[in-house]
Amino acid sequence: MKKTTIEIFHILAGLGVAVAITWAAAWSYPLGRDVIWACGAAAMVATLLMGAGPLRRARRLDQATRRTEA
């Protein structure tokens, strides 16, 4: 479960950073707020998609480790 938890925290950290950067960019340039939030949303979706593979691998490793320990 340890590897899975670490991967989830990495995904959440990436989403947090994406939200913070998007918010700061939209705040600093109000005329482009809609476009900035659309690009930020795309970055957040990409973060989730890129994190899916490592999360699956971590879950498989955690399950294999649990089976060998039992």
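Before any of the text, the structure's been laid out above.
All figures in this text were calculated on a predicted structure; none of them were measured in a lab. (Residues numbered from 1 in each chain as written. Predicted model: local features only at pLDDT ≥ 70, side-chain atom pairs only at ≥ 80, totals over all residues. Heavy atoms only, no water.)

## Remarks on the overall build of the protein
And step 1. What the protein contains, in helices and strands, is two helices and zero strands.
And step 2. If one aligns the C-alpha atoms of the protein with their principal axes, the spans along those axes are about 60 × 15 × 10 Å.
And step 3. Classification of the 70 residues of the protein by burial places 21% in the buried group.
And step 4. Looking at the protein as shown, the accessible area adds up to about 5400 Å², and 70% of this sits on carbon and sulfur atoms.
And step 5. The average position of the 9 basic charges and that of the 4 acidic charges among the side chains of the protein differ by 5 Å. (Helix = DSSP H or I, 4+ residues; strand = E, 2+ residues; numbered from the N terminus. Buried < 20%, exposed > 50% of the residue type's maximum accessible area, 1.4 Å probe, protein only. Areas by Shrake-Rupley, 256 points an atom, 1.4 Å probe, with all protein chains shown as cover. Lys, Arg positive; Asp, Glu negative; His and termini not counted. Charge placed at Lys NZ, Arg CZ, Asp CG, Glu CD.)

## A short note on the packing of helix H1 (residues 2-28) against helix H2 (residues 33-69)
And step 1. Following both chains from N to C, one finds H1 and H2 inclined at 175°, their axes separated by 8 Å at the closest point. If you check the angle between H1 and H2, you find them roughly antiparallel.
And step 2. Residues belonging to the contact of H1 with H2 are distributed by class as follows: 16 nonpolar, six polar and six charged. (Axes fitted to C-alpha atoms, helices over the stretch in contact; angles between N-to-C directions. Parallel < 35°, antiparallel > 145°, perpendicular 65-115°, else oblique. Nonpolar A, V, L, I, M, F, W, Y, C, P; charged D, E, K, R; others polar.)

## Focus: a nonpolar patch on the surface
And step 1. Taken together, Val19, Trp23, Trp27 and Trp37 make up a surface patch of nonpolar side chains, about 480 Å² in accessible area.
And step 2. At three residues, H1 tops the list of elements feeding residues into the nonpolar patch.
And step 3. Topologically, Trp23 is positioned in helix H1. (Patch = residues over 30% accessible without salt bridge, like charges linked within 9 Å, V, L, I, M, F, W, Y side chains within 5 Å. Salt bridge = Lys/Arg side-chain N within 4 Å of Asp/Glu carboxyl O.)

## Let's talk about the packing of aromatic side chains
And step 1. Overall, the coordinates contain one aromatic pair when judged by the stated rule.
And step 2. Ring geometry for Trp23 versus Trp27: centroids 6.4 Å apart, planes at 15°, classification stacked. Taken together, the positions of Trp23 and Trp27, both in helix H1 and four residues apart, correspond to about one turn of that helix. Each member of the pair Trp23 and Trp27 is classed as exposed. (Phe/Tyr/Trp six-rings, centres within 6.5 Å; stacked < 30°, edge-to-face > 60°.)

Nothing here speaks to function; it is all geometry.
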